[in-house]
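Observations on the model geometry
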Amino acid sequence: MMAQSVPHQTTDKKRVKVYELRNNDWFDRGTGFCTAGFMQLDDGQTRDPRVYVESEDQPDRLLLETKICREDGFQKQQETLIVWTEPSSGTDMALSFQEAEGCHMIWKFISGIQRTFQGALAGPADDSLSDDLAIDAQTTISLPPADLKSLAEIEGAMRVMSQTANGRDALTKFIMSDDYIGKLIPLVEMAEDLESLPDLHRLCNIMKIAILLNDTAIIEHAVSDDCLLGVVGALEYDPDFPGHKANHRHWLDNQGRYKEVVPIEDEVIRRKIHQTYRLQYLKDVVLARILDDPTFSVLNSLIFFNQVDIVQHLQGNANFLNELFGIFRAVPPDPRKKKDAVLFIQQCCSIAKNLQPPARQTLYNNFIAHGLLQVINFGLRHGDVAVRVGATDILVSMIDHDPHMIRQTLYRQIHDNQPLLTDSLVDLLLVEVDLGVRAQIADSLRILLDHGPQVQAQEAFAKANGEFPARARLAPAAEVHELLLAHFYEHTAKKLFKPLMALEGRTDMNFPVQQASMFPYLIETLSYFIRQHMHRSKFFMLQNNIAQRIVQLLSCPEKYLRLVAVRFFRHLVGLQDDFYINHMAEKQVLGPILQVLIKTMPRDNILSSACLELFEYIKKENVKDLLKYLVQRHREQLVDLSYMETFRDIVFRQEQPQGGTMEYFLENEDEEARRPMQPNSRMMEHIAIDPSEEEYWNTSDDEDGPESKALDGPPTNGAATTTTPQQQKPLVDYPSDEEAEGKSDDAAMPPSSETKLGPDETGETQSVPVTPPPAVGPPPERLSEKRRREEEDDDELEKLMQHKRRNSSSAGSNASITPGNMVRRRRSFAERASPSGAPRKISISISPSLKTGGNARSDEES
Amino acid sequence: MNDLDRAIAQLRACRPIPEAEVRELCHKARELLIEEGNVVTVTAPVTICGDIHGQFHDLMELFRVGGDVPDTNYLFMGDFVDRGFYSLETFLLLLCLKVRYPDRMTLIRGNHESRQITTVYGFYDECMRKYGSANVWRYCCDVFDYLALGAIVLGAANSLGDRPQQENVQDDVEIEVCDHTGSIMSRFQRQLDDEESMTDNNHSHINNTRGHDGSSASPVVTSVTRGARGGGAGDTGERTGPPGSGASGSSGGSIGNPTGAVLCVHGGLSPLIDTVDKIRLLDRKQEVPHEGAMCDLLWSDPDEIDGWGLSPRGAGFLFGADIVKVFNHRNDISLIARAHQLVMEGFKEMFDSSIVTVWSAPNYCYRCGNVAALLELCDEPSGTGLFARSNGDASRSAGVSSNKGVMQEGDAVPRSGPARRYRVFQAAPQDSRGMPAKKPVADYFL
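The shown structure was predicted, so the numbers you read here are calculated from the model rather than taken from an experiment.

1. Details of the overall build of chain A
The helix and strand inventory of chain A stands at 44 helices and 7 strands. Counting only residues that meet the buried cut, chain A has 41% of its 862 residues in that class. The contacts in chain A between residues at least 6 apart in sequence include a share of 66% that link residues at least 24 apart.

Spelled out as structure tokens, the structure:
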């Protein structure tokens, strides 16, 4: 056993442990000393590079003697470990060195030998065995020649090699240099002819291993025209699904799947288009189940770069674009081609989503310059759903990219008096049957009419950076937005929400499916607009009495529509906007919702939960106007429901008898809400308390509410806030309404002065006296609008719930309207004069008049 | 019904049904789900399952192991979709079964039943591939919004009504673990201490309601359940068969149902929810929010901490044993069953068996190598336990809140849980699944 120094110095003895893999466990074959060198064979001629380990305990015994040969793929792992597979037995072996240095030296020898093998294989060897060792050491391998007999061997060898990093490198190199895939492909057909399923399964595994080597070159090679069908052919026989054969070749062989709307001249680009399709197929279909993350990302990046090239090519190709968009102007028109062109553009846009924003921007700019919007317009009105889907997809992808781009277009359209894109969208939304298109259109409308704070910020940024001139040709975002909104609420909104407005006067709430399914979209869109467009949407709500229409939906037999309506009002309350809260009180929205709850209540379902949540929210957030409204108008129902904590709390809190101060009420309400509820007896008990106090709370509350805010509020809010005092009045009136109902005239008279500002009169009387200081004055036309609205409301109210009460009390009330109004006004002015102490005094001054009313009510209830 | 049965047959073969049928199905499902409370009341016997994640063939295996619908009463705790290759078939089949057998199928919402999550984790893409448009995805998402958020199982028995030959042991067995063939892998005896202290600690209002309802309502209800189970006993045989039916004589001494209810949610508890009734006050018909009670119920995880902790998931919370203990005590709940987290053994009980994670997707993502489990709760053989807890009772919330002072943590003795049988099973054998059915784009321009 001589170690000779050709071509490399023999290593010293290194202490090492020898392991062998048995049944997936590393079996320790013993500890010894390792040497590596060339051994002279018996004939004295040939020299084999070998590695030996002599046993430590018995120096004569050899723990290991292995020949270094091309196939076994030695590998250095970590600092002290060398692993390989014995080519003779197929056993996995490992040497674990005591010292990193020993490992290093043995490895240096082994890698040197392997380099010479590689040299012999691939050409002139690099004789100077480098010193940087393991890192760039390349194992070289060869696989058995590709024929059916050796498939098992090939598969085994590839599997082993693909488990180590170096093995994978070597395998990759070999496969590519040898065109091994090309050699395997004929075998697929052979095996199919022989109907040899085991061979086909092996071929499938071999292809899988090759592709999962995760090498760009191999993957590109595999999807090339030459190899593709062979490769996917092999992959059709997945041993994981022995009873199954896929039909990948059928899919990929069919050239008819590729459609050219406008011929693509460039050969390279065309090839890339095909390649991309194949890669996607590979990713999504063939390999979907077995893809590991690295291969997945390699496939994705291949696809991505192809797509970038393709889109770049197309958008820069003026001839192509002219021809493409020319299809829509062709005479005579070719409907089939038009359809395909829309779908083509759709695919283009969906690819563009992956591109970098600047590239996308250029693409869209080019498209728009060639008339993309006309194409969208054409597509939206097309009879074929697929085309409508395509057109909306194109639109949505542009909106996703930059909504302002589309807004600018709308702006131009308004100026040029062209039909507006948003109008087309609304038209389509109302008749569209395809749910997807409808949902996307609703989304698009929302985004286009969004307040777009981002855009404004962007612009501010641009201005600050002196980039403004660059965008000067475009209208400023704010201006565009204003104009769009104005136009929308003037023209489009009425059209859009027509189905809602058409409910007026309707008693039969059974709708055909198509119509019924429209309401959720409309109401959700409306909720969105209400959140986004402050005063315009308020005005729209008032003008068209939308709340009342949605209340009508509460009596719909379809539960989900009732639910939509309840959620709409929940959304309104959630805005915490005094305007809407007063509006809801005035429109008496909560009554019908309470009815819905009561009707549903024995059952525990979505509808009752949604109603409960609404009332719980009102209670938790202490929305005073609504609480007061509830207790005053729906006390009996609340008491009936008071087995639930929410309603017990509502009743209890409103009738809180303690002589605490107003501050107590306002500041401790949270604490109060948390206080455990008293048993029912408690509730009965306090009914007897002085009702004047109760009224005291209510009235002063009132004072403290929106009116004072209107004073403090910045003038810009004027439009919203000025309406609130007017809205509020009926609130204060309700209790006396009730009193009047069952009680003697004398009791009812004085309060009715305040209360009985019957809805008819409110508009008239208030238009003059309530006009607030000029700073917060509403635009004149708005007041008149409001009056009109209130007159309308009145009819509705009467129909819905007011009926009896108004009849019984209206006689006495009319006379005293003006005084009551004056009191109120005086009060509010007094408050302005001395905000701190005034409200309490004033409210006390009116409380006696309410006293009897309060008693009356408690009588009714007990 | 004929159409529905045909759709079920087609879906059982893992073939999607046409878009129009999906629309119809979702419409029916909505009508049904809108009537369900946020917390559905389910009566034992019931088989509780965790995440499925589109592993259709493993769902079939689950039905083989647990018994077929409608012979077995199932409760699925969400995450039907995403990750696996057959989210569509999985969800539609479950939904069909729900519509066909509303009383034998309970579906509650998981965090993956959401638009946002499904666009990222596969369900959206799957619908796009299988139908070429997102409409079916939209229909399904619409149904997601209507799914209940939790369930309460009432009337779960204290003992595993067992096969007759094992009568002698059945009364003390609290936990039994079976493999997919039904052979018992391990058993755990109940500790007697628990049982005694538990009886002592019965709250007065429970006793009252039990006495009241037990006499009037339960006989009727039991006979109905018996009848429904009778049909399936023949073919599914003893491994899934009606627990308790053959052994009712042996537990004659049992007094009603001494265990509390079992709460099932996908994720866990929420700091905003201290009583089950609070869950009923949620407006659930919406996309799963990013925060708040509804989000927490679907996202939270139990963890070995004290109190509440931030969740690494970015939604929901972590909650410790103390939280579970107080919650269970306050709500008279003996066990919380939840899913949401992969457990290699299929199920994992925590915090003195006050909460259990059930995971029903074997070899999750086709590569995790885990086994799956389902949890069976039996009914009380005598039938007296069914309405031990009157859930929607009018005075109940008042009773609970007035009792709060008495029922503080100090005297909270862990209730002994209902008897639980876990059936553990593995991924369906390879040859029974088809190829992944991702359909490629038919035509392409680019």
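2. Quick look at the packing of helix α30 (residues 590-600) of chain A against helix α31 (residues 606-620) of chain A
Residues and elements named next belong to chain A. Relative to each other, α30 and α31 sit at 135°, their axes nearing to 9 Å. By the criterion of interaxial angle, the relationship of α30 to α31 is oblique. Considering how the two elements wind past one another, α30 and α31 form a crossing that is left-handed. The segment α30 lies against α31, with Ile593, Val596, Leu597 and Thr600 engaging Leu607, Ser608, Cys611, Leu612 and Leu614. Of the residues belonging to the contact of α30 with α31, the class tally is 7 nonpolar, 2 polar and no charged.

3. A few points about the UniProt feature "active site" (unreviewed entry) in chain B
Residue and element names in this part refer to chain B. The sites that carry the UniProt feature "active site" (unreviewed entry) are, in the present numbering, His112. Here His112 shows up in the loop between β4 (105-107) and α5 (115-121). With 28 C-beta atoms counted inside 10 Å, the residue His112 sits in the buried group.

4. Quick look at the pairing of strand β6 (residues 81-85) of chain A
Consecutive residues of a regular strand have side chains that alternate between opposite faces of the sheet. All names here are of chain A. Sheet analysis places strand β5 (residues 75-77) next to β6, joined by 3 bridges and oriented antiparallel. By the bridge assignment for β6, Lys76 is matched with Ile82. Direction of pairing for β6 relative to strand β7 (residues 92-97): antiparallel, over a ladder of 5 bridges. Residue pairing across strands places Trp84 opposite Met93, the latter belonging to β7.

5. Details of the sheet that holds strand β11 (residues 317-319) of chain B
Residue and element names in this part refer to chain B. Reading across the sheet, the 3 strands line up as β9-β11-β10 and stay open at both edges, with mixed pairing between neighbours. The open sheet has two edge strands with one neighbour each: β9 (301-302) and β10 (308-310). Bridging between β9 and β11 involves 2 bridges; their strand directions are parallel. Counterpart to Asp301 in the pairing with β11 is Leu318.

6. Digging into the nonpolar core
Core analysis: the largest hydrophobic core is formed by 265 residues, its most contacted members being A:Leu203, A:Met584, A:Ile593, B:Ile48, B:Val153, B:Cys264 and B:Val358. Considering each element in turn, this core owes the most residues, 10 residues, to helix α28 (residues 559-574) of chain A. Sequence-distant contacts of B:Val153, defined by excluding residues within four places in its chain, comprise B:Val42, B:Ala44, B:Val46, B:Ala261, B:Val262, B:Cys264 and B:Leu377. Core analysis: the second largest hydrophobic core is formed by 22 residues, A:Leu63, A:Ile106, A:Phe109 and A:Ile113 among them.

7. Some details on the UniProt feature "domain: Serine/threonine specific protein phosphatases" (unreviewed entry) in chain B
UniProt marks residues 108-113 of chain B with the feature "domain: Serine/threonine specific protein phosphatases" (unreviewed entry), using the numbering shown here. The span residues 108-113 of chain B is 0% helical and 0% strand by assignment, and the distance between its end C-alpha atoms comes to 9 Å.

8. Some thoughts on the pairing of strand β7 (residues 184-189) of chain B
Residues and elements named next belong to chain B. Among the 6 residues of β7, 0 are classified as buried, and the element is accordingly described as predominantly exposed. For strand β6 (residues 173-178) and β7, the ladder comprises 5 bridges, and the chain directions are antiparallel. Within β7, the residue paired with Cys178 across the bridge is Ile184. Hairpin connection, β6 to β7: the antiparallel pair is bridged by 5 residues, and Gly182 has positive phi, about 100°.

9. Observations concerning the packing of α28(A) against helix α29 (residues 578-586) of chain A
Angle between the axes and distance between the axes: these two values describe a pair of packed helices. Residues and elements named next belong to chain A. Between α28 and α29, whose axes approach to 8 Å, the crossing angle comes to 135°. As summarised for this structure, α28 and α29 are arranged oblique, according to the angle between their axes. Listed contacts from α29 to Phe569, Leu572 and Val573 of α28 are Tyr580, Ile581 and Met584. Looking at the contact of α28 with α29 residue by residue, the classes come out as 6 nonpolar, no polar and no charged.

What counts, and where the lines are drawn
Residues numbered from 1 in each chain as written. Chains lettered and ligands numbered in written order. Predicted model: local features only at pLDDT ≥ 70, side-chain atom pairs only at ≥ 80, totals over all residues. Helix = DSSP H or I, 4+ residues; strand = E, 2+ residues; numbered from the N terminus. Buried ≥ 20, exposed ≤ 12 C-beta atoms within 10 Å, placed from the backbone. Contact = placed C-beta atoms within 7 Å. Axes fitted to C-alpha atoms, helices over the stretch in contact; angles between N-to-C directions. Parallel < 35°, antiparallel > 145°, perpendicular 65-115°, else oblique. Left-handed = near helix turned anticlockwise from the far one by under 90°. Nonpolar A, V, L, I, M, F, W, Y, C, P; charged D, E, K, R; others polar. UniProt positions renumbered as here; feature names shortened; annotations may be inferred. Pairing = 2+ DSSP bridges. Core = buried A, V, L, I, M, F, W, Y, C linked by C-beta atoms within 7 Å.

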